[in-house]
Structures are given as C-alpha cells and as structure tokens.
Amino acid sequence: LNSLWYPEPEFDLPVLGLDLLSFGPKKLCVIDMQPLPPSRDHHHNLVSPLLEVRERFPLFKQNKSDKIYDDDLFFSPAMLFGRFKDAQEVDNVLHPVFVEYVDFYMKLLEECEPNSDAEARAKVLDGQRQYDQYNSERDPAIGLFKSYYGAEFAESYVYDFLFTDAEPGEHKILG
C-alpha cells in the first residue's frame with residue numbers, strides 16, 4: 001500500500017501518508033499525518049494525541065533515512081516508521097496501529113470546519129504544492145520504478161500521477 005490522502009483545500013489538515021511495503025521477507029511501514037508548511041504548528045497540534053500511540057509501539061520509533069529526507073519539514077513528531085521481518089509483528093502490531101491512525105484522521109475530517117475563504121484555500125493548496133515538490137525530488141520508490149521500468153516511465157509516474165502539483169526539476173533519485 002502506498003497512499004496519500006490530500007484533504008480538500010477547504011480543510012486545513014495535514015496529508016495522511018500510508019506506506020506499507022513488502023520486499024520479500026522485509027516489511028517497511030511509514031504512517032504519518034504530514035504537516036504542510038503554512039500550517040506546520042497547527043498540524044503538529046492536531047496530531048499531538050498520536051504521540052501517545054507512538055510511545056505505546058516502540059517498533060515504530062525507528063528513524064527514516066537522512067540520505068533522502070534531509071529535514072523534517074514534512075514529517076510530524078507522531079510519525080511511525082518501522083522495519084519488520086516477522087510476519088506476526090505485522091498482524092499483531094501493524095494492523096492495530098494502522099487502524100488507529102486512519103480512524104484518528106477520519107475523526108479530524110469529520111470535526112474540521114470547512115473554510116471557503118479564497119486566501120485560506122490558497123494557503124492549503126500552496127502547502128500541498130510544496131509537499132508534492134519536496135517528495136517528487138526525494139521519494140525513494142522512484143528509484144525502484146526507474147530500475148524496473150526505466151527513467152522515462154519513472155519521471156512520468158512521478159509528475160503525472162504521484163505528485164501532480166510538482167514541477168520537474170532536480171531529483172535526488174532520477175538525477
């Protein structure tokens with residue numbers, strides 16, 4: 001599963017990122033409600049109840065690669081990051097945490113008051129554009145797409161599907 005949930009611009013909420021990847025016996029999980037730059041502090045406050053969840057599940061307190069993600073601009077303190085080799089851990093730990101995060105995000109969506117003000121919407125859209133640009137230049141899955149399908153496919157996939165608000169430019173993976 002590789003999924004990003006972008007809220008409509010009427011809702012000043014973080015992007016929900018869900019990465020549950022399997023590479024043979026190795027499993028990788030990244031779950032986060034990723035803050036957008038114009039509302040970073042507000043988004044951190046919204047997700048602060050999830051810090052307790054992170055503390056309850058130390059398997060998810062591992063660190064992301066600083067080779068690719070060189071700052072924490074688009075990551076919350078409640079980010080879950082874990083690598084697993086034991087399939088039992090996936091069933092016993094990953095599934096309940098995944099459900100808890102998705103339920104929490106759904107609750108945020110239900111409780112958030114829409115703001116149709118043009119300036120507020122523009123701020124959210126700008127944050128989403130910045131998010132797309134940052135990730136289009138760094139997402140490690142892009143290297144995998146390049147090795148399997150070639151650079152042309154990988155570039156098209158990045159800019160025409162994954163991160164459609166990003167502008168093609170320097171890429172840490174594609175070069």
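Structure first, text after, so check above.
Reference entry: report on the structure contained in this document. (Residues numbered from 1 in each chain as written. Predicted model: local features only at pLDDT ≥ 70, side-chain atom pairs only at ≥ 80, totals over all residues. Heavy atoms only, no water.)

Quick look at the side chain of Arg 138
Part 1 of the argument: Tracing the backbone through its elements, the reader meets Arg 138 in the loop between α4 (118-136) and α5 (141-149).
Part 2 of the argument: Arg 138 sits in the buried class, given a relative accessible area of 13%.
Part 3 of the argument: At 3.3 Å, the side chain of Arg 138 and the side chain of Glu 137 are in polar contact. (Helix = DSSP H or I, 4+ residues; strand = E, 2+ residues; numbered from the N terminus. Buried < 20%, exposed > 50% of the residue type's maximum accessible area, 1.4 Å probe, protein only. Polar contact = N/O pair within 3.5 Å; in protein donor to acceptor, adjacent residues only side chain to side chain.)

A look at the pattern of salt bridges
Part 1 of the argument: A complete count under the given rule lists eight salt bridges for this structure.
Part 2 of the argument: Note that Glu 52 is salt-bridged to Arg 56, the shortest N-O span being 2.4 Å. Highlighted residues: Glu 52 and Arg 56, both in helix α2 (residues 50-56), separated by four residues, approximately one helical turn.
Part 3 of the argument: Under the relative-accessibility criterion, Glu 52 is labelled partly exposed at 42%. (Salt bridge = Lys/Arg side-chain N within 4 Å of Asp/Glu carboxyl O.)

With respect to the environment of Met 106
Part 1 of the argument: Relative to the helices and strands, Met 106 resides in helix α3 (residues 87-111).
Part 2 of the argument: Judged by its relative accessible area of 35%, Met 106 falls in the partly exposed class.
Part 3 of the argument: It is 23 Å that separates the C-alpha atoms of Met 106 and Ala 122, two residues lying 16 residues apart in sequence.

A few points about a nonpolar patch on the surface
Part 1 of the argument: Together, Phe 23, Leu 144, Tyr 148, Tyr 149 and Phe 153 make up a nonpolar patch on the protein surface, roughly 560 Å² of accessible area in all.
Part 2 of the argument: Position of Phe 153 among the secondary structure elements: in helix α6 (residues 151-162). (Patch = residues over 30% accessible without salt bridge, like charges linked within 9 Å, V, L, I, M, F, W, Y side chains within 5 Å. Areas by Shrake-Rupley, 256 points an atom, 1.4 Å probe, with all protein chains shown as cover.)

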